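Close look at the chain arrangement
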Amino acid sequence: MSTLMYEEQLAESYFVLRMTATVIMVLFGTMGLILNGSVFYGLMSQKKSIGGFYSLCASKTISNTMICLTFVLWASPCTLLNHYFLPHQINILFGQYGGWMPYIMGPFTQICMAFNRFCALFLPHYYGRSFPIPLSVVGVLFFWTIAIIITSFGVPEGCGFIFVIKRLAWEPEESECAVNFAVGFFYLIVATSVAANVFNTTIAIKLIMTATTSNVSRDISEVRRRKRTKMYIQSVSQDCLHVMDTINCSIISHFSEAVWYRFVFSSLLFLGIHVFDGLVMILFNKHLRPVCFHDAKSRASYTQKTSVIGTA
């Protein structure tokens, strides 16, 4: 086979891969936007103010949506056109503020969720107190501020996190600054995941203990236990998604340099984690489904029945 024919076959294979990748990213990104948008709309449409745990869920949908939008508005068009249709600095901004920033907010929010459940179980009297500004909102705003500040250090050219078309993957720029930033980011994510799991382990032990030693009436205790257990399982499930992605990014994605492999284990799983994160919130919160998909009469009726979540 001549060199020319071989190069033509490679070009054709890459073209097919690009088209396939574009379709997949658009479909997954759109799915993520629908799922996370549904959760956010469902939470915001409640008649009563949502509680601390659900405020954190709302924050999670925002960060998930930002990543899905980044794939739909930037990675997909660039892959389809096979070139960057905007200046390089825009690629950096998408990578930093549409990639790194909402990505780190995932583990940050998981810490808040775990701490929220921890306080509900171990500090019930303090947890039930009313504050001018809910502590969960203060925590979310604090971590969003931290995420913005950290991400800003990667904005200067040469330090960013960008979408590389020829590899169909999100990667640090080829510079010491970008690599060091990515390494530091990785350890920050690991630290937040460990902290969240410490809280979750403590909560699991507490739930097991209170299941047999509760002094509250049996019916009330059972309802409360189920509610807390559901929130705990949701929190752990979402935390596991980020742990899996951390393992994938740091180990599995480096097993091969093939373009299709890099796309699947870098871009697709990066996007997929945030799509499934929205799906987890939908699955664990039935009251969010009819709010988004039923007719107005059914939505109003169901919202009234489930407005009790404001006390969560």
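Thresholds applied
Residues numbered from 1 in each chain as written. Predicted model: local features only at pLDDT ≥ 70, side-chain atom pairs only at ≥ 80, totals over all residues. Heavy atoms only, no water. Phe/Tyr/Trp six-rings, centres within 6.5 Å; stacked < 30°, edge-to-face > 60°. Helix = DSSP H or I, 4+ residues; strand = E, 2+ residues; numbered from the N terminus. Buried < 20%, exposed > 50% of the residue type's maximum accessible area, 1.4 Å probe, protein only. Expected span 1.5 Å × (residues − 1). Disulfide = S-S within 2.5 Å. Salt bridge = Lys/Arg side-chain N within 4 Å of Asp/Glu carboxyl O. UniProt positions renumbered as here; feature names shortened; annotations may be inferred. Pairing = 2+ DSSP bridges. Core = buried A, V, L, I, M, F, W, Y, C linked by side-chain atoms within 4.5 Å.

Moving on: the packing of aromatic side chains. Counted under the stated rule, the structure contains 18 aromatic pairs. Centroid distance Trp 100 to Phe 185: 4.0 Å. Interplanar angle 45 degrees. Geometry classified as tilted. Remark: Phe 185 occurs in helix α6 (residues 176–213) and Trp 100 occurs in helix α3 (residues 88–122); sequence separation between them is 85 residues. Note on accessibility: Trp 100 and Phe 185 belong to one class, buried. Three or more aromatic residues link up through ring pairs in this structure, and these residues are Phe 71, Trp 100, Tyr 103, Phe 161, Phe 163, Trp 170, Phe 181, Phe 185 and Phe 270.

Glancing now at α3. A rise of 1.5 Å per residue sets the reference length of α3, with its 35 residues, at 51 Å; its end C-alpha atoms lie 50 Å apart and thus fit the reference within 8%. For α3, a buried count of 26 out of 35 residues is recorded, marking the element as mostly surrounded by other parts of the structure.

Applying the stated criterion across every chain yields a total of 1 disulfide. Cys 159 shares a disulfide with Cys 177; S-S distance 1.7 Å. Measuring the twist about the S-S bond at about 110 degrees, one finds the Cys 159-Cys 177 disulfide to be right-handed. In this pair, Cys 159 sits in the loop between α5 (135–152) and β1 (161–164) while Cys 177 sits in helix α6, placing the two residues 18 residues apart along the sequence.

Looking now at the pattern of salt bridges. Counted by the stated rule, this structure contains 4 salt bridges. Residue Lys 60 is joined to Asp 277 by a salt bridge in which the shortest nitrogen-to-oxygen separation is 3.1 Å. Pair noted here: Lys 60 is in helix α2 (residues 52–81) and Asp 277 is in helix α8 (residues 259–284), with a separation of 217 residues, a long-range link. Judged by its relative accessible area of 1%, Asp 277 falls in the buried class. For Glu 257, the salt bridge is made with Arg 167, and the minimal N-O distance between the two is 2.7 Å. Of this pair, Glu 257 sits in the loop between α7 (218–250) and α8 while Arg 167 sits in the loop between β1 and β2 (169–172), and the two are 90 residues apart along the sequence. Under the relative-accessibility criterion, Glu 257 is labelled exposed at 52%. Bridged by salt links that share partners, the residues Arg 167, Glu 171, Glu 257 and Arg 262 form one connected network.

According to UniProt, the feature "transmembrane region" (unreviewed entry) maps to residues 20–44, 65–85, 100–123, 135–165, 185–210 and 259–284 in the numbering used here. Along residues 20–44 the backbone is 100% helical and 0% strand, and the end-to-end C-alpha distance reaches 36 Å. Between the first and last C-alpha atoms of residues 65–85 the distance is 22 Å; the span itself is 81% helix and 0% strand.

Turning next to the pairing of β2. The pairing of β1 with β2 spans 4 bridges and is antiparallel. Looking at the pairing, Val 164 lines up with Ala 169 of β2. Adjacent in sequence and paired antiparallel, β1 and β2 are bridged by 4 residues, among which Leu 168 carries a positive phi angle near 50 degrees.

With that settled, the discussion passes to the nonpolar core. In terms of nonpolar packing, the biggest core is built from 46 residues, with Phe 71, Phe 163, Trp 170 and Phe 185 touching the most fellow members. Of all the secondary-structure elements, those providing two or more residues to this core are α1 (3–44), α2, α3, α5, β1, α6 and α8. Take this core: its biggest share by element is 11 residues, from α2. Among the nonpolar cores identified, the runner-up in size contains 5 residues, and Leu 121, Ile 203, Ala 204 and Tyr 232 belong to it.

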